[in-house]
Each structure stands twice: as C-alpha cells, then as structure tokens.
Amino acid sequence: MSEVHAEAAVHAHAAPTGFIRKYIFSLDHKVIGIQYYFLALVAVFVGMFLSLLMRIHLVWPMAHLPLLGEIKPETYLTLLTMHGTIMVFFVLTTAPQSGFGNYVLPIQIGAPDMAFPVLNMLSFWTTFLSFVIMLAAFFVEGGAPLHGWTGYAPLSAIPSAGPGQTLGADLWIISIAVFCAASLMGALNFITTTLDLRARGMSLMRLPLTCWSWFITAILGLLAFGVLAAAGILLLLDRNVGTSFFVPGGLVMTGVPVKHQGGSPLLWQHLFWFFGHPEVYIAILPGMGVASQVLSTFSRKPIFGYRAMVYAMLSIGILGFVVWGHHMFMSGMSPYSAFAFSVMTMAIGVPSAIKTFNWLGTIWRGRVRFYTPMLFAIGFVSLFVSGGLSGPFLAQPQLDINLHDTYFVVAHFHLIMGVAAIFGIFAGTYYWFPKMFGRMMNERLGQAHFWLTFIGTYAIFMPMHYLGIAGHPRRYSQLTEVKFLEPLMSLQEFITIAALITIGAQIIFVINLFWSMFKGAKATANPWEATTLEWTVPSPPPHDNFGGRVPVVRHGPYEYAVPGAARDYVMQNEESTVPAHS
Ligand code: HEM
Ligand SMILES: [Cu+2]
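What counts, and at which threshold
- Residues numbered from 1 in each chain as written.
- Chains lettered and ligands numbered in written order.
- Predicted model: local features only at pLDDT ≥ 70, side-chain atom pairs only at ≥ 80, totals over all residues.
- Heavy atoms only, no water.
- Helix = DSSP H or I, 4+ residues; strand = E, 2+ residues; numbered from the N terminus.
- Expected span 1.5 Å × (residues − 1).
- Bend = angle between axes of the 7 residues up to and from the residue.
- Buried < 20%, exposed > 50% of the residue type's maximum accessible area, 1.4 Å probe, protein only.
- Near = heavy atom within 4 Å.
- Polar contact = N/O pair within 3.5 Å; in protein donor to acceptor, adjacent residues only side chain to side chain.
- 1 Å grid on protein atoms, 1.4 Å probe; cavity = no way out; pocket = protein on both sides within 12 Å on 5 of 7 lines; lining within 4 Å.
- Sits in = over half its atoms within 2 Å of the grid points.
- Nonpolar A, V, L, I, M, F, W, Y, C, P; charged D, E, K, R; others polar.
- Donors = N, O, S within 2.8 Å, 3.2 Å for Na, K, Ca; no water.
- Tetrahedral: all angles 85-135°; square planar, octahedral: opposite > 155°, others 65-115°.

**Details of helix α4 (residues 94-109)**
The end-to-end C-alpha distance of α4 is 21 Å, a good match for the 22 Å that 16 residues give at a rise of 1.5 Å each. Helix geometry: α4 is bent most strongly at glycine 101, by close to 55 degrees. The element α4 is extensively covered by neighbouring structure, given that 16 of its 16 residues are classed as buried. Just downstream of α4, glycine 110 is the residue with a positive phi angle, here 80 degrees.

Below you can see the structure in the form of structure tokens.
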C-alpha cells in the first residue's frame with residue numbers, strides 16, 4: 001500500500017499525555033466528536049423526560065408527581081418550550097453534525113484532524129456553556145420560559161407576559177445566541193476541512209455521501225445561525241433596553257399599556273423561520289448521509305445514483321432557504337406570497353422523492369445483511385416517507401389554515417424531523433461504535449431496541465394525525481374540560497402508554513452502549529466490510545488517524561459487488577488489479 005507523508009505537518013500536533021488535555025480540553029477531533037455525542041445523549045434524556053411529563057399531564061391532569069406535584073397549564077407550556085428547544089438544538093443539531101461529523105469527516109477524507117483544532121475545541125465548550133445556560137432557566141425565579149421553541153413575539157418580547165418570561169426567557173435567548181456562535185465556528189471548520197484537507201485522489205465526486213451531507217449542513221448552518229443570532233440580540237434589546245423591533249404599538253398587557261411603539265411581531269416570525277426551516281434540514285441532512293452510507297454497506301451494492309444523491313442534497317439545501325413562509329400562512333400574508341411559498345415547498349418534494357427512490361434502488365436486489373445499523377437506516381427511510389407524506393398537505397395554504405396549530409403538525413414534524421433524525425443518530429451509533437470504541441455493540445439488544453422503538457414511534461405519532469384532523473389543538477394542556485375533545489381521550493391515553501413503553505425501551509440502548517464500551521467483543525479494523533477510509537485504520541484510530549501518513553484515494557466510496565474483484569468490496573485506497581471506477 002503506497003502512502004505519502006502528510007503534507008499537512010502544520011496540523012500534526014503531538015498526542016497529549018495529561019488527562020485534561022487528552023479528554024477535557026482536547027484538540028483531537030475524535031475526542032471532541034465523542035464529547036458532542038455525550039452532550040447530546042444527556043440532552044436527549046432531559047428532553048425525553050420533559051415529553052413524558054407532558055404526556056402524563058395530558059391524560060392525568062390532576063396527577064400528583066413525586067417532587068413536582070401537580071403540573072399547572074403554564075407549567076405544561078414550559079415543559080413544551082424546553083422539550084422542543086433541547087431536542088432541536090442540543091440533540092438534533094449536536095449529535096449528527098457536530099458529534100459524528102467531527103469524529104468521522106476528517107478520517108473519511110483522509111485528514112489528520114479538522115482544519116482548526118483550537119476553534120473546534122472552542123465550539124464544543126461554547127455549546128456546553130449554552131446548554132448550561134439553557135438548563136439554568138429551570139432554576140431561576142419564575143422558571144423556564146413558555147413561549148414555545150419558536151419564541152414568538154410579542155409574548156417573548158415582554159417580560160411581564162407570564163411566569164418564566166422574566167429571567168427564564170432572557171436565559172433562553174442568551175443560550176440560543178451562544179449556541180449560534182458555537183455553530184458558526186463549527187460550520188467554518190467543517191467547510192474549510194472538507195475543501196482543503198482532502199487526501200490526494202479524494203475528488204469531490206469521490207466523497208462519501210456522509211461527507212457531502214456534513215458539508216452541505218455546514219453551509220446551511222453558516223447562513224442560518226447568523227440570522228437567528230441577530231434576531232435573538234434584537235429580542236434581548238426589546239426586553240431589556242426599551243427598543244421595539246418586535247413589539248407592536250398599542251399593546252396592552254394585563255391591563256397596563258406597554259410603552260414600546262411600532263415594532264413588528266411578524267418581523268420575528270420572518271427572521272425565526274428564515275433560520276427555522278433550514279434548521280430542519282440541518283437536523284435531517286446528516287441522517288440522510290448516514291442512511292446512504294449504511295444502506296449501501298449492508299446491501300453490498302453501490303449507492304444507486306450517487307451523483308443524483310449529491311445534487312438532491314444540494315437542491316434541498318438551496319430550496320430550504322426560500323420556503324420559510326409556509327410556517328406563516330396564518331399570518332395574513334398576501335395570497336400571492338402564500339402561493340409562491342406553497343409552490344417552492346412542493347418543489348422540495350422532488351429531490352426528496354429522488355433520494356427515497358435511490359435508497360430503495362440501493363436495497364433492491366442487494367444481498368442485504370440485516371444488522372442493527374441497517375435496521376435503523378431502513379427505519380430512517382420509513383419515517384422520512386411517513387412524515388414526508390403529510391408535508392404536501394400542510395404546504396397548501398387552504399388546508400394549512402385548518403391543520404396548522406393542531407396535532408397534525410405535531411405528527412408531521414415529529415416523524416420527519418424528530419424521530420427520523422434520531423433514527424439516523426441510532427444508525428450512526430451502531431455503525432461507527434466499533435470504530436469509536438474498538439468494541440462491538442450487542443446485536444440482540446440492538447435488534448430488540450430497534451423493534452420496540454420502531455413500533456413505538458409509529459404508535460405514538462400516527463394517531464396524532466387523526467387527533468389533528470379532528471381539530472385537537474396543539475400546545476394545549478387542559479383536555480378534560482373541553483367537550484369536543486372528550487371522545488379523543490382514549491386515543492390520548494393510548495399515545496401516552498405507547499410513549500411510556502418507547503421511552504422505557506431506550507434503557508436497552510443505554511445498557512448496550514455502556515456495557516459494550518467495556519465488555520463488548522473486540523472489533524477489527526473493518527467489521528462491516530465497508531469501503532470508506534475510516535475502515536482502513538485501526539479501531540479506535542491512532543491520535544492523528546493515519547499514523548503520520550495520508551492515504552491516496554483511488555476509488556469511489558461505494559464500490560461493492562465489483563465484477564472481477566477479489567472480494568465483494570474495494571476499499572477507497574486499495575491498489576486493486578481490477579480497473580477502477582471513479
Ligand atoms: C419520545 C419521543 C417524544 C415524545 C413522546 C414527544 C412528545 C411531545 C409532546 C407531547 C409535545 C407537545 C405537543 C403540544 O402540546 O403541542 C411535543 C412538542 C415538540 N416536540 Fe416532541 N416528543 C418526542 C420527541 C421529540 C424529538 C426527538 C424532537 C426533535 C425535534 C421533538 C421536538 C419537539 C418540538 C420542536 C415540539 C414543539 C414545541 C413547541 O411547540 O414549541 N420531540 N413533543
Ligand atoms: Cu419549514
């Protein structure tokens with residue numbers, strides 16, 4: 001195997017020896033990736049716990065919970081706000097991109113580290129700080145805010161608007177702004193690394209689809225988080241300095257006229273959703289990358305339509321910036337604008353369908369190996385389709401006027417954004433765990449975890465479509481005194497029980513994760529017989545990934561079932577005797 005010496009000697013930093021430099025303030029992208037992953041793991045349990053409290057409150061509103069007592073309607077809104085915020089920012093933005101991206105991207109492109117290791121460390125600790133600030137909101141006077149994860153003004157802009165809208169809301173906004181700063185640093189690092197540190201022979205069209213997805217996600221992050229940060233700072237000024245960017249004139253709050261004048265609450269909605277819609281792609285694109293990688297590996301076939309997959313991701317990324325208005329059909333926008341946003345939104349269906357078609361084409365007639373990563377990748381595609389089908393309905397302004405603010409929307413976004421992305425994270429975890437920790441995860445526990453989670457997810461979120469069509473409002477906690485909701489109560493109970501079981505099943509995952517870390521069977525360098533560069537180095541890889549050398553890339557990323565090859569796969573850096581495809 002001929003390899004050239006790393007030309008990037010500037011990036012070579014000696015392996016640290018002290019505990020703090022090695023595991024806490026580490027510059028190694030692999031350690032930082034794992035740090036991000038565990039941050040997201042803590043966050044997902046906080047988020048799940050909050051959702052459980054909500055589900056319990058919905059069906060047993062008078063329940064006395066240990067430590068917490070009775071949940072009041074305004075507490076429900078607090079739980080909702082913090083659940084949504086923590087899930088979107090600290091789980092779905094953190095694990096797939098910053099966690100796996102950090103760990104895997106440099107190795108997959110044949111680099112010794114990220115382009116800016118110090119910036120990388122800084123972005124992790126800034127994210128950590130942001131998480132601490134977010135959690136602190138629970139403990140200040142008045143508690144955490146209740147303005148929803150979307151922070152709509154004027155509710156979010158007026159401190160006297162409710163409990164939690166005082167210091168809690170300030171902390172929420174500061175946390176989000178700090179998170180934006182961290183994400184911007186991360187995005188710069190990902191973009192530079194992908195463009196500049198690819199090994200010889202790793203042309204853009206030989207990049208694994210995971211790298212494409214991290215790269216495109218980073219571009220989206222760079223364009224979106226700056227806008228949210230600016231919006232957050234304006235909101236802070238409105239709340240604390242007396243400006244009125246988002247506060248309308250003539251507003252009366254609990255009988256007291258608000259002094260500010262003449263701002264526009266709709267401006268907040270525009271700024272928020274200009275960030276918010278790309279954000280859902282920031283959450284899901286890395287999952288698409290992982291699904292493509294895993295489906296190809298375990299079907300023992302090249303990904304169907306590699307170039308189409310790249311162009312589909314690029315067009316999803318571009319279109320994602322011109323559809324934000326579909327969250328605002330109810331805001332009184334001109335029907336002409338609504339029409340434009342509607343058409344643009346429907347257009348995203350095209351690249352999404354291309355991706356789905358190509359995933360199915362990849363599995364089709366493959367010699368499929370049903371290991372846990374593969375199950376979760378198939379689950380990802382399934383959830384993406386199930387959640388995606390309700391999208392075109394919501395994209396019709398006429399229909400959305402009725403469905404908006406009902407459980408139909410809750411069903412839609414949980415399936416396509418929330419749980420689909422979580423399945424991407426699970427697929428990535430089961431797939432790269434052997435590389436990251438040098439041991440295999442337990443397959444039986446993995447399969448049990450998959451089936452319980454897969455069935456549970458559908459049991460929780462499918463019935464919500466029906467609730468929504470029946471007019472069940474979203475963000476509404478006191479169901480027991482509303483006549484037309486009474487017949488829906490048994491369905492709500494079913495959902496809560498399904499949620500209890502599904503959340504319980506996650507314990508299997510946690511046990512498997514920690515048990516395998518110490519007791520799992522030792523992993524070889526390439527346990528899945530995969531082709532990309534991370535599988536050419538030991539598990540776990542040495543400090544600078546390739547031992548001071550960088551690989552030369554000679555093949556495309558998914559050369560499985562190559563006619564005439566010695567094995568059924570050709571690794572990207574292999575000097576094979578068969579004619580190379582590229
Ligand atoms: C165990 C799985 C989950 C359960 C049982 C669950 C449950 C809930 C419930 C009950 C609500 C409130 C609905 C309402 O009253 O309008 C909600 C809202 C929400 N959830 Fe989840 N959820 C889960 C997972 C997730 C995940 C993985 C995400 C990641 C994106 C997520 C994101 C959100 C968001 C953004 C909201 C809206 C918050 C708002 O309206 O401000 N959830 N969830
Ligand atoms: Cu959207």
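Moving on from the coordinates now.
**Some points on the site of ligand 1**
Taken together, 24 residues surround ligand 1, and among them Tyr76, His83, Trp149, His414 and Arg475 come closest. The separation between a nitrogen atom of ligand 1 and a polar side-chain atom of histidine 414 is 2.7 Å. Note that an oxygen atom of ligand 1 is positioned 3.1 Å from one of the side-chain N or O atoms of arginine 474. One can see that ligand 1 is located within the largest cavity. Mapped by element, the contributors of at least two residues to the shell around ligand 1 are α2 (29-59), α3 (73-92) and α14 (407-437). Taken together, the residues of the shell around ligand 1 sort by class into 15 nonpolar, six polar and three charged.

**As for the coordination of the iron atom of ligand 1**
Protein coordination of the iron atom of ligand 1 is provided by His83 (NE2) and His414 (NE2), with donor distances spanning 2.0 Å. Here the iron atom of ligand 1 is ringed by six donor atoms whose angles at the metal span 85 to 179 degrees, and the overall shape comes out octahedral. Of this pair, histidine 83 sits in helix α3 while histidine 414 sits in helix α14; the two residues are 331 residues apart in sequence, bridging distant segments of the chain. In this structure histidine 83 comes out as buried when scored by relative accessible area, which is 13%.

**Concerning the coordination of the copper ion (ligand 2)**
Tetrahedral coordination by four donors puts the ideal angle at the metal at 109.5 degrees, and octahedral coordination by six puts it at 90 or 180 degrees. Around the copper ion (ligand 2), the donor atoms from the protein are His277 (ND1), His326 (NE2) and His327 (NE2), and they sit 1.8 to 2.0 Å away. Here the donor residues for the copper ion (ligand 2) map to a single chain with the spacing H-x48-H-H. Note that histidine 277 is positioned in helix α8 (residues 265-299) and histidine 326 in the loop between α9 (306-319) and α10 (335-363), a separation of 49 residues in sequence. Each member of the pair histidine 277 and histidine 326 is classed as buried.

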